[in-house]
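# Notes for the structure review
The residues making up each chain are set out below.
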Amino acid sequence: MSSLSRELVFLILQFLDEEKFKETVHKLEQESGFYFNMKYFEEQVQSGEWDEVERYLSGFTKVDDNRYSMKIFFEIRKQKYLEALDKQDRARAVEILVKDLKVFSSFNEELYKEITQLLTLDNFRENEQLSKYGDTKSARNIMLLELKKLIEANPLFREKLTFPTLKASRLRTLINQSLNWQHQLCKNPRPNPDIKTLFVDHTCQPPNGTRAAPPPNNPLVGGLPKGGAFPSLGTHSPFQPAAPPSATSLAGWMANSNTPAPHPAVAPGSATLAGPPNPGPLLKRPRTPPINATAMDYQSADSEHLLKRSRPVMQTVDEVNYAGSSLPQSSDDLPKMLARTLNQGSCVMSMDFHPVQQTILLVGTNVGEIGIWEVGSKERLTQRAFKVWDISVCSMPMQAALVKDPVVAVNRTMWSPDGTLLGVAFSKHIVHLYSYHLGGDLRPHREIDAHIGSVNDIAFSHPNKQLSIITCGDDKTIKVWDASTGHKQYTFEGHDAAVYSVCPHHKENIQFIFSTAVDGKIKAWLYDHLGSRVDYDAPGHWCTTMAYSADGTRLFSCGTSKEGESFLVEWNESEGAIKRAYSGFRKRSSNVVQFDTTKNRFLAAGDEFLIKFWDMDNASVLTSTDAEGGLPASPRLRFNKEGSLLAVTTNDNGIKILCNSDGLRLLRTFESRAFEGGKLFIDASVTSKTTGVTQPVAVSAPSGPIVGALPPAGSIAATVPVSRLIYTNSGVAILALASNAVHKLWKWQRNERNMSGKASASIAPQLWQPSSGILMTNDISETNPEEAVPCIALSKNDSYVMSASGGKISLFNMMTFKVMTTFMPPPPAATFLAFHPQDNNIIAIGMEDSTIQIYNVQVDEVKSKLKGHSKKISGLAFSNALNVLVSSGADSQVIVWSIDGWEKRRTKAIQIPAGRGSPSATGDTKVQFHNDHIRLLVVHETQLAIYDASKLERVRQWVPRDPFTSTLSAATYSCDSQLVYAGFSDGSVGVMDGESLLPRCRVAPSAYISQGIGSANIYPLVIAVHPSESLQFALGLSDGSVQVLEPLETEGKWGTGPSSDNGAVVSTPSSSAVGNQNSEQAAR
């Protein structure tokens, strides 16, 4: 099928989806095989529609296509089999075993036998491997996570998991353009053509045989529109384009804004330039849209046979993605399950979830308190009572109001878009801005005497690309303040009553603000001083709030009249009219109903002691929940950013946290972080040492690092060195491999001192092992681990670790410490391991015999064997950017290999500095890519060097000299590649600049090693860096201990900057050759 035909299928899929042909759209997805709808697949799996699951999959893959496909079908059929057993439906289980699972017996007979034996058990959970099998729903969700990973890794699904980004109704637009073009070519064009069919080309017939008058844009009279803009066909078009926005509509006042257009329109044949915009249309007259106003796409009854469904006019919208935003979603996606109950202690007036940390909830109350909760652990991180920070700068009206009535309530709390600031609007004059830091640390940022009377609402926006805070109040004004300085930027006046709410937004590069007042007026403002651009009446004519959908394409408002009648509506911005009114509210409400939106699909409002949910495209209530009771008549509510959690107020001054399945998994991560079964071997008193860091000449050193000691325990004796060290990818643990082949895992707990649960030098971790008490110990049969070269690699999701200590390579489960499998027995022994960046089943294994084996774990097969080194492999690094593997060895050689065919591209021996040994000197050489995957850090005991890996040419070299007088023992980039941490055989540690390799500071051994007998012989053998904290690193020492180092908070960094007086730096132009080294160009 041609690419255009393929694109046509996508256009049809979009059209079918917009028209709600649910079964047809998925049938076409499956039959065409162009787009795999992961959302639909998830729904079918979660509902247990196994026949449909396999039918849908069959359009993309078959069981025996590849190992990923085989695993996908096996997991699905195994789950179906277990569910039948769980229901005690033995006949159905036998049928599945014989009909569906038998096909896998030829690939793994033992596994099939084990599955068959489950029939003999009264409860299959008696099987050890299935002992943790929960209920059906949770088991399906767990399986679904595995299926998604397999599908994403399966090459047959490549480029089929993302729907192309299209403008809304793209097929309609193309048909409209075609009809307009046909009309342009008519011999007798009529001003209002009556188009009744798409089955034949359009032509205009002159009435009664006479020639119709040509329209103004006829090619005979004037030029065709520029830039592909087609004129409208009039009201009888079957695909009616949106009319130009009226002056009173949102689109109209935006079009008339002072923002310059990139290409000013010029009338055809006109020689005059377009004049400045006319300010007349900016003066608006009030307009009250009727509740039942519905703009229809199809204006003519003659065209009703073309489509059965009517569609609202929404032609000009931002780009949308069919896959993520327009597919129907199940009500099961809504957070309705009660997961947490929090006791705030006073009536909650406002809530807001942190935009980044999805389980952090900000709360404001009727007594002026604000609190921050970690809903996952149910901990209140902080609480602040209201107080004036500086009474001397407060206005006299404010001081008088506080003296008259000191009770102050919170009207609104809100996080800034990045979560670094939070704003609090109080019922008397004041707005407080706090800066937020990890662990709930709140620091006063700005106090603003904003309005006379109550400050009713706040919001953040970015006019002029700087963060501002918008406020409104009882004094009938809206004000904009610089969030950094607290200086006032704009004041908008024009409301005749107290302003109740604000809603800032932007369309393309135009920033604007909606505001609502208690007299029911809605106004819109640009960031200028020309007054309001829009003047509408809100339904109910009283308190109303407005909000956009998450993607910013749909506008909603919710409000309540003085009589207690509530209204939830969607607005047609182009017309300034109400597009849809949602039903389901009770007749009379005693309070103003609050609402929120989520997932670009759902609305929720608190009404009638319930939380009611609507699909945005359906006016009727979708579903509701009472959250197991205890809600007030009109509960307040707030979704988190992902829509997986919903906070709801209770009538006993509390908060209930509702969740869906995703939210439940999110909350359970906090339970799992308790690290059950862990054993504490660490002295809890970790001190910050401020002495022992030398101040060498021209190398700035901090006052002292924070040092966290992870002393050895159990079978790792003080005399057993740490051979390998690595942080987990999540940054919450450190894994060490000692020279006696035993692994140790230290984990940091989430607690009041460490709210993030991340590794820290100032918090003691736990030396962790599972409740079984087993150790992760590498195979050492017929080997001496003390003489072996250990190697280790961790999977991306921290689930598995691959490791060897001279014997077989072992694959361990990180949760149970059990050996999953072993492979590749020596000789030769493995000396370095590296996972392929695109496929976790492919591993590059450096060997003791100088070869590199490319091994596929899934099929237990060596795919390629690379030869080029003359001694053992000591380093491997993949580059995504260059699509290469770089290897280094004890022969001091660096070789670049192509990933595609595993051919050798280039080779180079590192240049040994003069006086540091003979030019042919050898020694372990390590390699590591910079974050750009172009620059390559090469580490040898004699030097640090940076190479351009694309040419394998050295661009920088640093050779140790005073105060670094000993040889290098280890070095690595920081996580952001801005620094290089280097260890030396005298115990000192250097922090180097990542670009120049010049030292920034030196950490003396006495800063982290307790002085005593034998301490002079202790030095770093390995260095590991935190995956997200660039200033934190860990040292694995020759005495078997592990130390975590960070600069003091007062310092905030390592050193002040590099100095050229410490170490010899050689810069080599990338175009020059280095020495007489060989460079080979790979065969093409």
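Before any of the text, the structure's been laid out above.
In what follows, the accompanying structure is described.

What counts, and where the lines are drawn
- Residues numbered from 1 in each chain as written.
- Predicted model: local features only at pLDDT ≥ 70, side-chain atom pairs only at ≥ 80, totals over all residues.
- Heavy atoms only, no water.
- Pairing = 2+ DSSP bridges.
- Helix = DSSP H or I, 4+ residues; strand = E, 2+ residues; numbered from the N terminus.
- Axes fitted to C-alpha atoms, helices over the stretch in contact; angles between N-to-C directions.
- Salt bridge = Lys/Arg side-chain N within 4 Å of Asp/Glu carboxyl O.
- Buried < 20%, exposed > 50% of the residue type's maximum accessible area, 1.4 Å probe, protein only.
- Core = buried A, V, L, I, M, F, W, Y, C linked by side-chain atoms within 4.5 Å.
- Contact = heavy atoms within 4.5 Å.
- Polar contact = N/O pair within 3.5 Å; in protein donor to acceptor, adjacent residues only side chain to side chain.
- 1 Å grid on protein atoms, 1.4 Å probe; cavity = no way out; pocket = protein on both sides within 12 Å on 5 of 7 lines; lining within 4 Å.
- Points joined across faces, edges and corners; volume = space filled by probe spheres on them.
- Nonpolar A, V, L, I, M, F, W, Y, C, P; charged D, E, K, R; others polar.

### Remarks on the sheet that holds strand β55 (residues 999-1003)
- Read from one edge to the other, the open sheet built from four strands follows the order β52-β53-β54-β55, with strand pairing classed as antiparallel. For this open sheet the edge positions go to β52 (968-973) and β55, each flanked by a neighbour on one side alone. Looking at each pair of strands side by side, their axes are set apart by 20° on average, direction ignored.
- Summarising the sheet, strand β54 (residues 989-993) and β55 pair through four bridges and their orientation is antiparallel. The residue bridging Val 991 from the neighbouring strand is Cys 1001, located in β55.

### Some remarks on the pattern of salt bridges
- Counted according to the given criterion, the structure contains 37 salt bridges.
- A salt bridge links Arg 601 to Asp 615; its shortest N-O distance comes to 3.3 Å. Of this pair, Arg 601 sits in the loop between β24 (595-598) and β25 (602-607) while Asp 615 sits in strand β26 (residues 610-615), and the two are 14 residues apart along the sequence.
- Residue Arg 601 is classed as buried on the basis of its relative accessible area, which comes to 5%.
- Judged by its relative accessible area of 13%, Asp 615 falls in the buried class.
- Lys 872 is the partner of Asp 924 in a salt bridge, and the nearest nitrogen-oxygen pair spans 3.9 Å. Here Asp 924, found in the loop between β47 (904-909) and β48 (926-929), pairs with Lys 872, found in the loop between β43 (861-866) and β44 (873-879); they are 52 residues apart in sequence, far enough to count as distant.
- Its relative accessible area of 39% is what places Asp 924 among the partly exposed residues.

### Focus on the nonpolar core
- Of all hydrophobic cores here, the largest spans 39 residues; its most connected members are Phe 36, Phe 41, Leu 57, Tyr 81 and Leu 101.
- Of the residues forming this core, the biggest block, ten residues, is contributed by helix α5 (residues 67-86).
- Sequence-distant contacts of Phe 41, defined by excluding residues within four places in its chain, comprise Phe 36, Val 53, Leu 57, Ile 76, Leu 144, Leu 147 and Ile 151.

### Things to note about the side chain of Gln 957
- Position of Gln 957 among the secondary structure elements: in strand β51 (residues 953-959).
- For Gln 957, the side chain forms a polar contact with the main-chain oxygen of Gln 911, separated by 3.4 Å.
- Only 3.4 Å separates the side chain of Gln 957 from the side chain of Arg 954, close enough to count as a polar contact.

### Concerning unusual backbone geometry
- Cis geometry is adopted by the peptide bond preceding Pro 827, which originates at Pro 826 and carries an omega value of -5°.
- Mapping Pro 827 onto the fold places it in the loop between β39 (819-823) and β40 (830-835).
- Omega for the peptide link from Pro 827 to Pro 828 comes to -5°, which places this bond in the cis form.
- Within the secondary structure, Pro 828 sits in the loop between β39 and β40.
- The phi torsion at Phe 817 lies on the positive side, around 65°, for a residue other than glycine.
- The topology assignment puts Phe 817 in the loop between β38 (809-813) and β39.
- For Phe 817, a relative accessible area of 4% translates into the label buried.

### Concerning empty space enclosed by the protein
- Inspection of the entire model under this criterion finds two cavities of 30 Å³ or more.
- Quantified by volume, the second largest cavity comes out at close to 30 Å³.
- Lining the second largest cavity we find Gly 368, Ile 370, Arg 384, Ala 385, Phe 386, Phe 426, His 432 and Tyr 434.
- Of the residues contributing to the lining of the second largest cavity, the split by class is five nonpolar, two polar and one charged.

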